[in-house]
Amino acid sequence: MAREGALWMGDLADYMDESFIIAAFRALGEENVQNVKVMKNRYTGHPAGYCFVNFSSDQAALTAMHKLNGKVIPHSQPPVRFKLNHSSTRGNNTDKEYSLWVGDLTPDVDDFALYKTFGSRYNSIKTAKVIYDPNGQSKGFAFVRFYSEEEYKDALTHMNGFKGLGQKPLKVSYAVPKKQHYPGMYIHLWITVNTMNSTGNFAAANTAATIDANISYGETMAQWDWNVPIDIKKTNKEYIDRSEELWQAIEKARWSFWEDIKDDE
(Lines give C-alpha, C1' and ligand atoms only; values in the text may rest on other atoms or scores of the structure.)
Protein backbone atom coordinates (compact mmCIF):
# COMPACT_ATOMS: atom_id res chain seq x y z
CA MET A 1 0.00 0.00 0.00
CA ALA A 2 1.22 3.50 -0.80
CA ARG A 3 2.24 5.66 2.15
CA GLU A 4 1.49 9.33 1.58
CA GLY A 5 4.42 11.54 2.59
CA ALA A 6 6.83 8.67 3.19
CA LEU A 7 10.10 7.47 1.70
CA TRP A 8 11.43 3.94 1.63
CA MET A 9 15.14 3.83 2.59
CA GLY A 10 17.22 0.73 1.92
CA ASP A 11 20.70 -0.77 2.38
CA LEU A 12 20.75 0.10 6.09
CA ALA A 13 23.53 -1.15 8.34
CA ASP A 14 22.50 -2.73 11.64
CA TYR A 15 23.65 0.29 13.68
CA MET A 16 21.39 2.68 11.74
CA ASP A 17 18.47 3.07 14.12
CA GLU A 18 15.67 5.65 14.09
CA SER A 19 17.68 8.34 15.87
CA PHE A 20 20.67 7.91 13.56
CA ILE A 21 18.53 8.21 10.43
CA ILE A 22 16.65 11.30 11.63
CA ALA A 23 19.97 12.94 12.54
CA ALA A 24 21.38 12.09 9.10
CA PHE A 25 18.48 13.78 7.31
CA ARG A 26 18.61 16.85 9.53
CA ALA A 27 22.38 17.16 9.10
CA LEU A 28 21.68 17.74 5.39
CA GLY A 29 19.00 20.33 6.04
CA GLU A 30 15.89 18.11 5.94
CA GLU A 31 13.86 19.37 8.90
CA ASN A 32 10.52 17.96 7.71
CA VAL A 33 11.18 14.41 8.94
CA GLN A 34 8.49 13.52 11.47
CA ASN A 35 9.48 9.97 12.40
CA VAL A 36 11.27 6.86 11.16
CA LYS A 37 10.19 3.23 11.35
CA VAL A 38 13.05 0.72 10.98
CA MET A 39 11.63 -2.61 9.86
CA LYS A 40 12.73 -5.84 11.53
CA ASN A 41 12.65 -9.50 10.65
CA ARG A 42 9.55 -10.90 12.28
CA TYR A 43 11.27 -14.19 13.15
CA THR A 44 14.70 -13.09 14.35
CA GLY A 45 13.96 -9.56 15.52
CA HIS A 46 17.05 -8.27 13.70
CA PRO A 47 16.89 -5.17 11.46
CA ALA A 48 15.62 -6.02 7.96
CA GLY A 49 17.88 -3.49 6.24
CA TYR A 50 15.24 -0.92 5.33
CA CYS A 51 12.94 1.63 6.90
CA PHE A 52 10.18 4.16 6.18
CA VAL A 53 10.86 7.85 6.72
CA ASN A 54 7.70 9.90 7.25
CA PHE A 55 7.58 13.59 6.29
CA SER A 56 5.19 16.45 6.98
CA SER A 57 3.89 16.25 3.40
CA ASP A 58 4.22 14.20 0.25
CA GLN A 59 5.90 17.11 -1.52
CA ALA A 60 8.50 17.34 1.25
CA ALA A 61 9.19 13.62 0.86
CA LEU A 62 9.63 13.88 -2.91
CA THR A 63 11.92 16.89 -2.59
CA ALA A 64 14.10 15.13 -0.01
CA MET A 65 14.33 12.03 -2.20
CA HIS A 66 15.55 13.95 -5.24
CA LYS A 67 17.89 16.09 -3.17
CA LEU A 68 19.59 13.32 -1.19
CA ASN A 69 19.42 10.15 -3.28
CA GLY A 70 22.94 8.89 -3.96
CA LYS A 71 24.64 11.21 -1.49
CA VAL A 72 26.73 9.84 1.38
CA ILE A 73 24.85 9.38 4.66
CA PRO A 74 26.51 11.59 7.32
CA HIS A 75 28.58 9.66 9.89
CA SER A 76 28.12 6.30 8.14
CA GLN A 77 31.12 3.98 8.55
CA PRO A 78 32.11 2.76 6.06
CA PRO A 79 30.49 5.46 3.92
CA VAL A 80 27.06 4.42 2.64
CA ARG A 81 24.91 6.36 0.17
CA PHE A 82 21.25 7.20 0.54
CA LYS A 83 19.06 4.71 -1.29
CA LEU A 84 15.62 6.30 -1.31
CA ASN A 85 12.38 5.59 -3.10
CA HIS A 86 9.00 7.23 -2.88
CA SER A 87 6.90 4.67 -1.03
CA SER A 88 4.05 4.90 -3.54
CA THR A 89 6.39 3.50 -6.21
CA ARG A 90 6.87 0.28 -4.23
CA GLY A 91 4.31 -2.51 -4.21
CA ASN A 92 1.08 -2.34 -6.15
CA ASN A 93 0.16 1.06 -7.51
CA THR A 94 -2.73 1.24 -9.93
CA ASP A 95 -2.19 4.84 -11.06
CA LYS A 96 -1.07 4.98 -14.65
CA GLU A 97 2.23 6.72 -15.27
CA TYR A 98 3.85 8.29 -18.31
CA SER A 99 7.61 8.38 -18.73
CA LEU A 100 9.90 10.58 -20.77
CA TRP A 101 13.49 9.92 -21.76
CA VAL A 102 15.62 13.05 -21.31
CA GLY A 103 19.03 13.12 -22.98
CA ASP A 104 22.09 15.31 -23.59
CA LEU A 105 22.50 15.92 -19.86
CA THR A 106 25.83 17.33 -18.75
CA PRO A 107 27.52 15.94 -15.61
CA ASP A 108 26.38 18.87 -13.44
CA VAL A 109 22.72 17.78 -13.73
CA ASP A 110 21.56 15.62 -10.81
CA ASP A 111 18.15 14.26 -9.76
CA PHE A 112 17.25 17.37 -7.78
CA ALA A 113 18.09 19.82 -10.57
CA LEU A 114 16.11 17.71 -13.04
CA TYR A 115 13.17 17.44 -10.66
CA LYS A 116 13.10 21.18 -9.99
CA THR A 117 13.28 22.06 -13.69
CA PHE A 118 10.36 19.84 -14.69
CA GLY A 119 8.47 20.27 -11.41
CA SER A 120 8.43 24.05 -11.75
CA ARG A 121 6.51 23.65 -15.02
CA TYR A 122 4.38 20.57 -14.39
CA ASN A 123 2.40 19.62 -11.28
CA SER A 124 2.17 15.87 -11.95
CA ILE A 125 5.88 15.01 -11.79
CA LYS A 126 6.33 11.81 -9.81
CA THR A 127 10.05 11.14 -10.08
CA ALA A 128 13.07 12.37 -11.99
CA LYS A 129 16.04 10.03 -12.17
CA VAL A 130 19.45 10.57 -13.74
CA ILE A 131 21.12 7.29 -14.75
CA TYR A 132 24.66 6.69 -13.52
CA ASP A 133 27.28 4.07 -14.35
CA PRO A 134 28.82 1.82 -11.64
CA ASN A 135 31.53 4.45 -11.04
CA GLY A 136 28.99 7.13 -10.23
CA GLN A 137 29.39 9.00 -13.52
CA SER A 138 26.29 10.31 -15.25
CA LYS A 139 25.43 8.49 -18.47
CA GLY A 140 23.97 11.70 -19.85
CA PHE A 141 20.31 10.70 -19.78
CA ALA A 142 17.45 10.41 -17.33
CA PHE A 143 13.79 9.47 -16.96
CA VAL A 144 10.97 11.73 -15.78
CA ARG A 145 7.68 10.15 -14.74
CA PHE A 146 4.31 11.91 -14.87
CA TYR A 147 0.85 11.17 -13.51
CA SER A 148 -0.86 13.38 -16.09
CA GLU A 149 -0.95 12.31 -19.72
CA GLU A 150 -1.66 15.89 -20.81
CA GLU A 151 1.41 17.26 -19.04
CA TYR A 152 3.47 14.37 -20.32
CA LYS A 153 2.52 15.19 -23.91
CA ASP A 154 3.13 18.88 -23.35
CA ALA A 155 6.62 18.19 -21.98
CA LEU A 156 7.36 15.92 -24.90
CA THR A 157 6.89 18.90 -27.20
CA HIS A 158 7.90 21.94 -25.19
CA MET A 159 10.84 20.57 -23.20
CA ASN A 160 12.60 19.24 -26.28
CA GLY A 161 15.44 21.69 -26.94
CA PHE A 162 14.94 23.39 -23.57
CA LYS A 163 17.91 25.50 -22.44
CA GLY A 164 18.65 26.24 -18.81
CA LEU A 165 19.41 22.83 -17.33
CA GLY A 166 23.08 21.94 -17.71
CA GLN A 167 25.24 23.18 -20.54
CA LYS A 168 23.34 21.73 -23.50
CA PRO A 169 19.77 21.87 -24.83
CA LEU A 170 17.69 18.91 -23.68
CA LYS A 171 16.58 16.09 -25.91
CA VAL A 172 13.23 14.60 -24.98
CA SER A 173 11.48 11.55 -26.38
CA TYR A 174 9.22 8.66 -25.47
CA ALA A 175 10.53 6.08 -23.03
CA VAL A 176 9.88 2.38 -23.67
CA PRO A 177 9.41 0.23 -20.55
CA LYS A 178 11.84 -2.59 -19.88
CA LYS A 179 10.14 -5.30 -17.93
CA GLN A 180 12.16 -8.49 -18.14
CA HIS A 181 15.59 -9.83 -18.92
CA TYR A 182 15.99 -12.11 -21.91
CA PRO A 183 19.66 -13.09 -22.23
CA GLY A 184 20.64 -14.26 -25.67
CA MET A 185 17.52 -13.08 -27.47
CA TYR A 186 17.85 -13.62 -31.20
CA ILE A 187 16.66 -11.20 -33.85
CA HIS A 188 15.97 -12.60 -37.31
CA LEU A 189 16.83 -10.25 -40.15
CA TRP A 190 16.76 -10.49 -43.91
CA ILE A 191 20.05 -9.08 -45.21
CA THR A 192 21.10 -8.57 -48.83
CA VAL A 193 24.37 -10.41 -49.46
CA ASN A 194 26.63 -10.34 -52.50
CA THR A 195 27.24 -13.93 -53.60
CA MET A 196 29.07 -15.31 -56.63
CA ASN A 197 26.88 -17.27 -59.02
CA SER A 198 27.86 -20.04 -61.42
CA THR A 199 28.94 -17.59 -64.14
CA GLY A 200 31.50 -15.96 -61.89
CA ASN A 201 29.47 -12.78 -61.47
CA PHE A 202 28.25 -11.33 -58.23
CA ALA A 203 24.54 -11.34 -57.65
CA ALA A 204 22.48 -10.02 -54.82
CA ALA A 205 20.67 -12.63 -52.79
CA ASN A 206 18.58 -12.41 -49.67
CA THR A 207 19.65 -14.59 -46.79
CA ALA A 208 18.17 -14.95 -43.36
CA ALA A 209 20.67 -13.95 -40.69
CA THR A 210 20.19 -14.55 -37.00
CA ILE A 211 21.90 -11.96 -34.83
CA ASP A 212 22.40 -12.50 -31.11
CA ALA A 213 21.30 -9.13 -29.80
CA ASN A 214 21.46 -10.15 -26.13
CA ILE A 215 18.74 -7.66 -25.30
CA SER A 216 18.44 -6.87 -21.61
CA TYR A 217 15.47 -5.36 -19.87
CA GLY A 218 16.26 -3.56 -16.64
CA GLU A 219 14.31 -1.96 -13.83
CA THR A 220 13.85 1.38 -15.46
CA MET A 221 13.18 2.45 -19.00
CA ALA A 222 15.10 2.79 -22.23
CA GLN A 223 15.11 4.73 -25.44
CA TRP A 224 15.25 2.51 -28.49
CA ASP A 225 17.55 3.77 -31.23
CA TRP A 226 16.77 2.13 -34.55
CA ASN A 227 19.32 4.22 -36.47
CA VAL A 228 22.40 2.28 -35.41
CA PRO A 229 24.18 1.19 -38.62
CA ILE A 230 24.73 -2.54 -39.20
CA ASP A 231 28.06 -3.78 -40.51
CA ILE A 232 26.58 -6.13 -43.12
CA LYS A 233 29.89 -7.71 -44.18
CA LYS A 234 30.87 -8.47 -40.61
CA THR A 235 27.39 -9.76 -39.74
CA ASN A 236 27.24 -12.03 -42.77
CA LYS A 237 30.75 -13.38 -42.16
CA GLU A 238 29.82 -14.26 -38.58
CA TYR A 239 26.62 -15.90 -39.81
CA ILE A 240 28.46 -17.95 -42.45
CA ASP A 241 31.14 -18.96 -39.93
CA ARG A 242 28.49 -20.17 -37.51
CA SER A 243 26.72 -22.02 -40.32
CA GLU A 244 29.96 -23.78 -41.28
CA GLU A 245 30.58 -24.76 -37.66
CA LEU A 246 27.07 -26.16 -37.37
CA TRP A 247 27.38 -28.09 -40.66
CA GLN A 248 30.71 -29.57 -39.61
CA ALA A 249 29.26 -30.61 -36.27
CA ILE A 250 26.31 -32.31 -37.99
CA GLU A 251 28.60 -34.12 -40.42
CA LYS A 252 30.90 -35.26 -37.63
CA ALA A 253 27.97 -36.54 -35.60
CA ARG A 254 26.57 -38.39 -38.63
CA TRP A 255 29.83 -40.22 -39.37
CA SER A 256 30.41 -40.91 -35.70
CA PHE A 257 27.01 -42.59 -35.61
CA TRP A 258 27.88 -44.96 -38.49
CA GLU A 259 31.30 -45.71 -36.99
CA ASP A 260 29.63 -46.68 -33.74
CA ILE A 261 27.20 -48.96 -35.65
CA LYS A 262 30.16 -50.61 -37.44
CA ASP A 263 31.98 -51.21 -34.16
CA ASP A 264 28.90 -52.83 -32.72
CA GLU A 265 28.73 -55.23 -35.63
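None of these values were measured; they are calculated from a predicted model.

What counts and what doesn't
- Residues numbered from 1 in each chain as written.
- Predicted model: local features only at pLDDT ≥ 70, side-chain atom pairs only at ≥ 80, totals over all residues.
- Heavy atoms only, no water.
- Helix = DSSP H or I, 4+ residues; strand = E, 2+ residues; numbered from the N terminus.
- Contact = heavy atoms within 4.5 Å.
- Salt bridge = Lys/Arg side-chain N within 4 Å of Asp/Glu carboxyl O.
- Buried < 20%, exposed > 50% of the residue type's maximum accessible area, 1.4 Å probe, protein only.
- pLDDT = per-residue confidence, 0-100.
- Pairing = 2+ DSSP bridges.
- Axes fitted to C-alpha atoms, helices over the stretch in contact; angles between N-to-C directions.
- Phe/Tyr/Trp six-rings, centres within 6.5 Å; stacked < 30°, edge-to-face > 60°.

Considering the overall build of the chain
When helices and strands are counted, the chain shows 5 helices and 12 strands. Considering only intrachain contacts with a sequence separation of at least 6, the fraction spanning at least 24 residues in the chain is 61%.

Quick look at the pattern of salt bridges
According to the stated counting rule, one finds 8 salt bridges in the structure shown. Linking Glu30 and Lys67 is a salt bridge whose minimum nitrogen-to-oxygen distance equals 3.6 Å. Of this pair, Glu30 sits in the loop between α1 (18-27) and β2 (33-40) while Lys67 sits in helix α2 (residues 58-68), and the two are 37 residues apart along the sequence. Between Glu97 and Lys126 there is a salt bridge, and its shortest N-O distance comes to 2.3 Å. With Glu97 in the loop between β4 (84-86) and β5 (98-103) and Lys126 in strand β6 (residues 125-132), the pair connects residues that are 29 residues apart, well separated along the chain. Glu97 gets classed as partly exposed once you look at its relative accessible area, which sits at 24%.

With respect to the confidence of the model for the chain
Across the chain, pLDDT averages 75, with 65% of residues at or above 70. Averaged pLDDT values for the elements of the chain fall to 41 in strand β11 (residues 202-212) and rise to 95 in α1. Residue range residues 180-227 is modelled with pLDDT below 50. Its contacts to residues more than four positions away, or to other chains, number 89 contacts.

A few points about the sheet that holds β5
Strand pairing in a sheet is mediated by backbone hydrogen bonds. Such pairs are either parallel or antiparallel. The 4 strands lie next to each other as β6-β7-β5-β8, forming an open sheet whose pairing is antiparallel. Two strands lie at the open edges of the sheet, namely β6 and β8 (171-174), each paired on one side alone. Within this sheet the neighbouring strands show an average axis-to-axis angle of 25°, counted without direction. Of the strand pairs in this sheet, β5 and β8 are connected by 4 bridges, and their pairing is antiparallel. Across the sheet, the residue bridging to Val102 is Val172, located in β8.

Digging into the pairing of strand β3 (residues 47-55)
The pairing of strand β1 (residues 6-9) with β3 spans 4 bridges and is antiparallel. Looking at β3, one finds that Ala6 is bridged to Asn54. Direction of pairing for β2 relative to β3: antiparallel, over a ladder of 6 bridges. Note that in β3 the partner of Lys40 across the bridge is Pro47. Counting the residues in the hairpin turn of β2 and β3 gives 6 residues, including Gly45, whose phi is positive at 80°.

Focus on the side chain of Asp111
Residue placement: Asp111 occurs in helix α3 (residues 111-119). Given the relative accessible area of 5%, Asp111 is considered buried. For Asp111, the contacting residues outside a window of four places in its chain are His66, Asn69, Ala128, Lys129, Val130 and Tyr132.

Let's talk about the environment of Met16
Inspection of the secondary structure puts Met16 in the loop between β1 and α1. Exposure remark for Met16: the relative accessible area of 2% places this residue in the buried category. Counting along the chain gives 60 residues from Met16 to Ser76, while the straight-line C-alpha distance between them is 8.4 Å. Contact partners of Met16, with chain neighbours within four places excluded, come to Ile21, Val38, Ile73, Ser76 and Val80.

Focus: the sheet that holds β1
Strand order in the open sheet made by the 4 strands is β2-β3-β1-β4, with antiparallel pairing throughout. Each edge of the open sheet carries a strand with a single partner, namely β2 and β4. Between one strand axis and the next, the sheet turns by 25° as a mean value, whatever way the strands run. Sheet strands in contact with α1 are β1, β2, β3 and β4, and its direction is about 140° off that of β2. Contacting β1, β3 and β4, α2 runs over the sheet at an angle of about 150° to β4.

Regarding the packing of aromatic side chains
Using the criterion set out here, one finds 11 aromatic pairs in the structure. Here Phe146 and Tyr152 contribute two aromatic rings whose centre-to-centre distance is 6.3 Å and whose plane-to-plane angle is 65°, an arrangement assigned as edge-to-face. The exposure class of Tyr152 is buried, given its relative accessible area of 9%. Taken together through their ring pairs, the aromatic side chains of Tyr98, Tyr122, Phe146, Tyr152 and Tyr174 make up a single cluster.

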